[in-house]
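# Understanding the architecture of this molecule
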Amino acid sequence: MTTTDTAGSYAHEYATAVLMRNRVPMPPVDFNPDWSDKPRPTKYYPGALSFPLPDMPPPHSATVGAGIAGEPGDEAFSLPMLGAMLRDSYGLIGRRLGIQANTDTPGYPWYARATWHRGTASGGGLYPCSVYWIAGPGAGVCPGVYHYSCRHHAMQRLLAGDVTARVRAAADLPDDSTQFLVVGVKYWANSFKYNNFSYHAVSMDVGTLLQTWRLWAGGQRRRIEPRFWFDQAALRHLLGVPPDDEGLFTVVPLRWTAAGATHAPPRAAAATATATDGASVLRRDSERSRVVLTFDALRRVHRETAESATPRPESGALAAAAARPVPDGGDRVALPPARTMDMPIRTALSRRRSSFGRFDGSVAMDGADLAALLTAASSARLPTEITSDDGDLAKFYLFVNHVDGVAPGSYEYDPARHELRAIRPGPPGMFLQRNYFLPNYNLEQAAVVIVPTIRVHAVLDAVGPRGYNVVNATIGAVAQNVYTAAAALDVGCGVALGFDGVSYVEELGLDATGETPLLIMLAGHERDLPGDYRHELR
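Residues numbered from 1 in each chain as written. Predicted model: local features only at pLDDT ≥ 70, side-chain atom pairs only at ≥ 80, totals over all residues. Heavy atoms only, no water.

Residues W133, W213 and L398 are the most contacted members of the largest nonpolar core, which totals 123 residues. Looking at this core element by element, the count peaks at 15 residues for helix α15 (residues 467-489). For W213, the residues in contact, after removing those within four places along its chain, are M85, L86, S89, V131, L181, V183, G218, I224 and V252. Among the nonpolar cores identified, the runner-up in size contains 22 residues, and Y45, F180, L238 and V241 belong to it. (Core = buried A, V, L, I, M, F, W, Y, C linked by side-chain atoms within 4.5 Å. Buried < 20%, exposed > 50% of the residue type's maximum accessible area, 1.4 Å probe, protein only. Helix = DSSP H or I, 4+ residues; strand = E, 2+ residues; numbered from the N terminus. Contact = heavy atoms within 4.5 Å.)

If you want it as structure tokens, here you go:
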């Protein structure tokens, strides 16, 4: 099915409201989070049987550069490999304290408000994603539905029995698929702080997690290929998820070890299917908050994207929304070869963090580092089940403050030629800081500010409201690639959403192409001798 009549969809309205939110605030305008009644930082299933996951070092010490540039192989997952990937991506891997400019710093020294860092980035550091493992025969555990408890690095069993046939039917997957990861988002885990804006933030969080898995698995010669279109109602019923409380964003089939590819004899398999037919998770997440609020725009965009998850658009439908090519001509700056990123992926993920106001503009960034960051950004192509030779969705602009060999000004990145096309000369610091609305960064001190754009409304026209999830997952994947590359290059990095998107459209001349700037990514050297404390859990 190809979506043809989406102009009246609420996703269009929501995307416009997000772009305009610094000029026309999204309701509720007077909202303030009740921090004393905030939700738990992860879902909690009282009484669920759990088992710890192994955390073996990955067999292949792949580097960040190889993970970004390389093609994944077809080796199979195993339980130890799954455990290691989940630990490196969403598990708690250490505690950090630091003197920096973010507004929540006063609470960090208190153990009850400890900041535990993870390999994957998250908007506001809230990590609202829920990871479910639907295990079939040969998984090494009892077949069933499991929830990944990231704080314990353990799997909690929510349902016993082989229900993989129902996942295959819901996501239109082949019969030999026996293991699946499902990524959901419990909205209250983010909306308690960001209210109606939270859908925009959490759909990017899904992309950061998926890209961490793709980098990690690709480095281990394994494949992560997410599915965005599936029968959400069927999976919601299976997982016992209340319709408006949690959205299901993607299903990820895993190629499993040889033992996992074996099937029960047909008669036994039929009996198992019958026994689990219609079964669903009965356990419910225990909510800590005494008061849980609902937000109209969040609920409305969630319902529309969930309902449009079936039927699936035709393969190649995204081609109509691909980024427009960089215009020929104009002043060009040739970039040097990208610096080699030879840090192991696991090490880089453990070092990934946000700089929060530590940038030092007196130390210019090397052009090879900028080239590596832009290569990482443009390599973050998140595949979907409808992707063919569509062209890239994302395009990249940058504001240069302090980069050796590149004059201050604004530029458009041409990945085909590995060049910058000049847009406007002159130091952009005043524009950047004037259009940033949070106190945690001085954008002029960053060496460069990279701005990814996507033709959001063209995507929605091409594939319907579910395309909003693809847009933001793609941008989240870009952010995760840049964060990981920055860690490998030993340069500071930060990603922010608190900017006036309309001003960026005007400054970069994006009206004609229909591009929307979706976040800004800051990079540069940091001040020496930061006052930091860190404790690794490994």
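Our next topic: the sheet that holds strand β7 (residues 179-186). Ordered by their spatial adjacency, 6 strands build an open sheet running β1-β6-β5-β4-β7-β8, and the pairing between neighbours is antiparallel. With partners counted over all chains shown, the strands left at the sheet margins are β1 (49-52) and β8 (246-254), one partner each. Within the sheet, the average angular offset between the axes of one strand and its neighbour, ignoring direction, is 30°. (Pairing = 2+ DSSP bridges. Axes fitted to C-alpha atoms, helices over the stretch in contact; angles between N-to-C directions.)

Taken across its 8 residues, helix α4 (residues 164-171) has 6 buried, putting it largely inside the fold. Every buried residue of α4 is accounted for by T164, R166, V167, R168, A170 and A171. Positive phi appears at D172, one or two residues downstream of α4, with a value of about 55°.

In this section: the pattern of salt bridges. This structure, assessed with the given rule, holds 26 salt bridges. Between D366 and R339 there is a salt bridge, with the nearest N and O atoms lying 3.3 Å from each other. In this pair, D366 sits in the loop between α11 (345-351) and α12 (367-378) while R339 sits in the loop between β9 (332-334) and α11, placing the two residues 27 residues apart along the sequence. Within this structure, D328, R332, D414, R417 and E419 form a network of salt bridges that share partners. (Salt bridge = Lys/Arg side-chain N within 4 Å of Asp/Glu carboxyl O.)

Once that is clear, we can look at the environment of N190. For N190, the location among the structural elements is in helix α5 (residues 188-194). A relative accessible area of 0% means that N190 is categorised as buried.

Inspection of the secondary structure puts N401 in the loop between β10 (395-400) and β11 (409-414). Separated by 3.1 Å, the side chain of N401 and the backbone oxygen of L443 make a polar contact. Not counting residues within four places of it along the chain, the set of residues in contact with N401 comprises P408, P428, G429, L432, L443, E444, A446 and A447. (Polar contact = N/O pair within 3.5 Å; in protein donor to acceptor, adjacent residues only side chain to side chain.)

Right, let's talk about the pairing of β11 for a bit. A regular strand places its side chains so that they alternate between the two faces of the sheet. When you tally the buried positions in β11, you get 6 out of 6 residues, the bulk of the element. Both faces of β11 are covered, namely the face carrying G409, Y411 and Y413 and the face carrying S410, E412 and D414. When β10 meets β11, the two strands line up antiparallel, connected through 4 bridges. If you follow Y397 over to β11, its bridge partner there is E412. Pairing of β11 with strand β12 (residues 419-425), which is carried by 6 bridges, proceeds in the antiparallel orientation. Its bridge partner being in β12, E412 is matched across the sheet by R421. Two successive antiparallel strands, β11 and β12, enclose a turn made up of 4 residues, where H418 displays a positive phi of approximately 55°.

Moving on to the packing of aromatic side chains. This model, assessed by the stated rule, comprises 21 aromatic pairs. A ring pair is formed by F51 and Y146, whose centres lie 5.8 Å apart and whose planes are at 80°; its orientation type is edge-to-face. Of the two residues, F51 is situated in strand β1 and Y146 in strand β5 (residues 144-149); the sequence distance between them amounts to 95 residues. Ring pairs connect the aromatic residues Y10, Y14, Y187, Y199, F249 and Y468, which therefore count as one cluster. Above the plane of the ring of F197 lies R21, whose end atom (NZ or CZ) is 3.8 Å from the centre. The residue whose ring lies beneath R352 is Y483, and the NZ or CZ to ring-centre distance is 4.9 Å. (Phe/Tyr/Trp six-rings, centres within 6.5 Å; stacked < 30°, edge-to-face > 60°. Lys NZ or Arg CZ within 6 Å of the ring centre and 35° of its normal.)

By secondary structure assignment, the location of H200 is in helix α6 (residues 198-219). A residue is classified by how much of its surface remains accessible, and H200, at 3% relative accessible area, is buried. Contacts of H200, omitting those with residues within four sequence positions, involve Y14, V18, Y468, N472 and L518.

Glancing now at α12. Since there are 3.6 residues in each turn of an α-helix, residues three or four apart along the chain are aligned in direction. With 12 residues, α12 extends 16 Å from end C-alpha to end C-alpha; this agrees with the ideal 16 Å at 1.5 Å per step. With 11 of 12 residues buried, α12 is to be regarded as a mostly interior element. Every buried residue of α12 is accounted for by G367, A368, D369, L370, A371, A372, L373, L374, A376, A377 and S378. In this structure D366 caps α12, since a side-chain oxygen of it lies 2.8 Å from the backbone nitrogen of A368. (Expected span 1.5 Å × (residues − 1).)

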